[in-house]
Amino acid sequence: MNKHKTVEHGKYGIMFVVPFFLVFAVFQLYPLLYTFYNSLIYEAKNGRKIVTEFGFGNFKNYVFGEMGGGEIWKALAITVVLWILNFIPQILLSLVLAAWFTDVKYKLKGTGAYKVIMYMPNIITAATIAVLFYSMFENQGPMTSLLRSMGLVGQEGLLMTGWASLIIVAFIQFWMWYGNTMIVLCAGILGINPALYEAAMVDGANSKQQFFKITLPLLKPILQYTLVTSAIGGLQMFDIPALFNKGGPTIRVGETTVSSTTTVMMLIKNYAVTGVNQNMGRAASYSIVLFFVTMVVSLVFYRLTAEKSKDGR
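Below or above, wherever it landed, is the structure these notes cover. What you see is a predicted model; the values in this text were computed from it and never measured. (Residues numbered from 1 in each chain as written. Predicted model: local features only at pLDDT ≥ 70, side-chain atom pairs only at ≥ 80, totals over all residues. Heavy atoms only, no water.)

## Brief notes about the overall build of the protein
In step 1: Along its length, the protein carries 13 helices and four strands.
In step 2: Over its C-alpha trace the protein gives a radius of gyration of 25 Å, far above what one expects of a compact globule, namely 20 Å for 313 residues.
In step 3: Considered along the principal axes of its C-alpha atoms, the protein spans approximately 85 × 80 × 40 Å.
In step 4: Considering the protein as a whole, with its 313 residues, one finds that 38% of them fall into the buried category.
In step 5: Here the analysis covers contacts within the protein between residues at least 6 apart in sequence; of these, 64% occur between residues at least 24 apart.
In step 6: Both charge centroids of the protein, one from 24 positive and one from 14 negative side chains, sit 5 Å from each other. (Helix = DSSP H or I, 4+ residues; strand = E, 2+ residues; numbered from the N terminus. Rg over C-alpha atoms; globule rule 2.2 N^0.38 Å. Buried < 20%, exposed > 50% of the residue type's maximum accessible area, 1.4 Å probe, protein only. Contact = heavy atoms within 4.5 Å. Lys, Arg positive; Asp, Glu negative; His and termini not counted. Charge placed at Lys NZ, Arg CZ, Asp CG, Glu CD.)

## Re the environment of I288
In step 1: When you line up the elements, I288 lands in helix α13 (residues 280-305).
In step 2: What makes I288 buried here is its relative accessible area of 5%.
In step 3: It is 7.5 Å that separates the C-alpha atoms of I288 and S39, two residues lying 249 residues apart in sequence.

## With respect to the packing of helix α4 (residues 111-123) against helix α7 (residues 162-190)
In step 1: Put simply, α4 and α7 touch, their axes get as near as 6 Å, and they point 130 degrees apart. Put simply, α4 runs oblique to α7. The hand of the α4/α7 crossing is left-handed. Contacts from K115, M118, Y119, P121 and N122 in α4 reach W175, M176, W177, Y178, G179, N180, M182, I183 and C186 in α7. (Axes fitted to C-alpha atoms, helices over the stretch in contact; angles between N-to-C directions. Parallel < 35°, antiparallel > 145°, perpendicular 65-115°, else oblique. Left-handed = near helix turned anticlockwise from the far one by under 90°.)

## With respect to the packing of aromatic side chains
In step 1: On inspection of all chains with the given rule, the structure shows 23 aromatic pairs.
In step 2: With centroids separated by 5.3 Å and ring planes inclined at 80 degrees, the aromatic side chains of F291 and F292 adopt a geometry described as edge-to-face.
In step 3: For F291, a relative accessible area of 31% gives the class partly exposed.
In step 4: Each residue in the set F133, F137, F171, F174, W175 and Y178 is aromatic and connected to the rest through ring pairs, giving one cluster. (Phe/Tyr/Trp six-rings, centres within 6.5 Å; stacked < 30°, edge-to-face > 60°.)

## Some thoughts on the layout of surface pockets
In step 1: Space inside the largest pocket adds up to approximately 470 Å³.
In step 2: Those elements that place two or more of their residues in the lining of the largest pocket are α3 (71-102), α7, α8 (194-202) and α9 (207-218).
In step 3: Of the residues forming the lining of the largest pocket, the biggest block, six residues, is contributed by α9.
In step 4: Looking at the second largest pocket, it is lined by 19 residues, and the ones nearest its centre are W177, T229, S230, G233 and G234.
In step 5: Of all the secondary structure elements, the ones that give two or more residues to the lining of the second largest pocket are α3, α7, α10 (220-235) and α11 (239-245).
In step 6: Its residues placed into classes, the lining of the second largest pocket shows eight nonpolar, 10 polar and one charged. (1 Å grid on protein atoms, 1.4 Å probe; cavity = no way out; pocket = protein on both sides within 12 Å on 5 of 7 lines; lining within 4 Å. Points joined across faces, edges and corners; volume = space filled by probe spheres on them. Nonpolar A, V, L, I, M, F, W, Y, C, P; charged D, E, K, R; others polar.)

## Let's talk about the environment of S94
In step 1: Looking at the secondary structure, you find S94 in helix α3.
In step 2: S94 gets classed as buried once you look at its relative accessible area, which sits at 0%.
In step 3: Considered as a pair, S94 and L185 are 91 residues apart in the sequence and their alpha carbons are 7.3 Å apart.
In step 4: The contacts of S94, once residues within four sequence positions are left out, are Y178, T181, M182 and L185.

## Section: the side chain of T79
In step 1: Within the secondary structure, T79 sits in helix α3.
In step 2: On the accessibility criterion, T79 (0% relative accessible area) is buried.
In step 3: Within the local environment of T79, its side chain forms a polar contact with the backbone oxygen of A75, the two atoms lying 2.7 Å apart.
In step 4: Residues within four places of T79 in sequence aside, it is in contact with G234, L235, T263 and V264. (Polar contact = N/O pair within 3.5 Å; in protein donor to acceptor, adjacent residues only side chain to side chain.)

## Focus: the pattern of salt bridges
In step 1: Under the definition given, this model contains one salt bridge.
In step 2: The salt bridge partner of R282 is E71, with a shortest N-O separation of 2.8 Å. Of this pair, R282 sits in helix α13 while E71 is found in helix α3, placing the two residues 211 residues apart along the sequence. When sorted by exposure, R282 lands in the same class as E71, which is buried. (Salt bridge = Lys/Arg side-chain N within 4 Å of Asp/Glu carboxyl O.)

Spelled out as structure tokens, the structure:
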């Protein structure tokens, strides 16, 4: 009697997933745990000596205390404002373009070329875009000179105006990412069963009714993904504001003065790198604050956009 040799397919699956977990453990899990550890190492001055204390000193003094001057919360507010100013027009324009390009009624020609052109800003490096916009809006740049000739800008230029710098950075983020969002939404719309649109057209529904009654409800999971990933990326914003004008001039909100484009990641980098202001414990505590804020925001957005079951839960 011949015995057939069986093949253990499970071991091949393990072989494929082990590299991922190794890379994740080395480059993501270990740095995260090490950041948590560093956030608990507080450097206190004792005369001329610096004494390290293990505990919540960094959070007590820098995050919630007066030693930090509330800079983490100011930077967090600026980061949220920058994300909102770029995400709202981004998602609205992306939805309109995605619905337009996928509408079978119009059957637009050359949609592939349009999609490539609109996606191209996402391919260009952030450093290149930051330098491009800086050269356009610097004191003697073409855009500043044009606005100055129209009497809209003074001799100080746009880059010395806090609100103008904030809006420019938000526009750069919008311009870079709306094409990517549009492609994702187009893929989501194309995944909807065409029979639903055919039945709606037979019933006399126009394009607007089809969009609000069919496309938007069925596109909810894609919108959820876009919202959550955009919020995570927006809260970790660093490259464009850092390269454009290094945090920008200050703006006054009530009695508070805030750096117009200094994000949380820029603040963390300021204390993490080697220099006069280096304080790894302070940078790590700010990182932990950003971690929990990102987690809470993501969970809230996920909960608000989650599909409800039939029993309403």
